[in-house]
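The primary structure of each chain is shown beneath.
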Amino acid sequence: MREIEVNGTKIIFVYKYCLSKAFLFRMNPEPGCIVVNLHNWNGKACISQEALNFAASLDTRLFTIEDFFKYINEIRKK
């Protein structure tokens, strides 16, 4: 499974050493979706700052696996 939809939000799972702007550009995610990088051994560095900035311009959120768990826990609380 690569994509799921939760509460009307598409969540796409990828496994990249460092999720880059170039990868995100090729992926072309639709606005409002979430991209989760499952590769986590390098912590916060698994998503580049360029990718984060580019994602903001696309109205797309990027999460590390740790941040994704925090996000899911917030949904559960609601």
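The shown structure was predicted, so the numbers you read here are calculated from the model rather than taken from an experiment.

Basis of the calculations
- Residues numbered from 1 in each chain as written.
- Predicted model: local features only at pLDDT ≥ 70, side-chain atom pairs only at ≥ 80, totals over all residues.
- Heavy atoms only, no water.
- Salt bridge = Lys/Arg side-chain N within 4 Å of Asp/Glu carboxyl O.
- Helix = DSSP H or I, 4+ residues; strand = E, 2+ residues; numbered from the N terminus.
- Buried < 20%, exposed > 50% of the residue type's maximum accessible area, 1.4 Å probe, protein only.
- Polar contact = N/O pair within 3.5 Å; in protein donor to acceptor, adjacent residues only side chain to side chain.
- Pairing = 2+ DSSP bridges.
- Axes fitted to C-alpha atoms, helices over the stretch in contact; angles between N-to-C directions.
- Contact = heavy atoms within 4.5 Å.

Visitor: Teacher, can you tell me more about the pattern of salt bridges here?
Guide: Once the charged atoms of two side chains with opposite charge are near each other, the side chains can pair. For the coordinates displayed, the defined rule picks out 5 salt bridges. We note a salt bridge from Arg 2 to Glu 3, for which the minimum N-O separation is 3.6 Å. One salt bridge connects Lys 70 with Glu 66, and the closest N-O pair in it is separated by 3.6 Å. Note that Lys 70 and Glu 66 are positioned in helix 3 (residues 65-77) at a spacing of 4 residues, about one turn of the helix. The class for Lys 70 is partly exposed, based on a relative accessible area of 49%.

Visitor: Where do I start with the environment of Thr 64 in this structure?
Guide: The topology assignment puts Thr 64 in strand 4 (residues 61-64). On a C-alpha basis, the gap between Thr 64 and His 39 in space is 7.9 Å, while along the polypeptide they are 25 residues apart. There is a polar contact of 3.1 Å between the side chain of Thr 64 and the backbone nitrogen of Asp 67.

Visitor: For this particular structure, what's the right way to read the sheet that holds strand 1 (residues 3-6)?
Guide: Strand pairing in a sheet relies on backbone hydrogen bonds. The paired strands run either parallel or antiparallel. Taking strand neighbours across the sheet as the criterion, the 4 strands line up as 1-2-3-4 in an open arrangement whose pairing is mixed. A single partner strand is all that each edge strand has here, and the edge strands are strand 1 and strand 4. Sheet twist, expressed as the average angle between the axes of neighbouring strands with direction ignored, equals 25°. Sheet topology note: the strand 3 (residues 34-37)/strand 4 ladder contains 4 bridges and is parallel. Within strand 4, the position partnered with Ile 34 by the bridge is Arg 61. Against the sheet, helix 3 makes contact with strand 2 (9-14), strand 3 and strand 4, and its axis sits at roughly 110° relative to strand 4, the strand it touches most.

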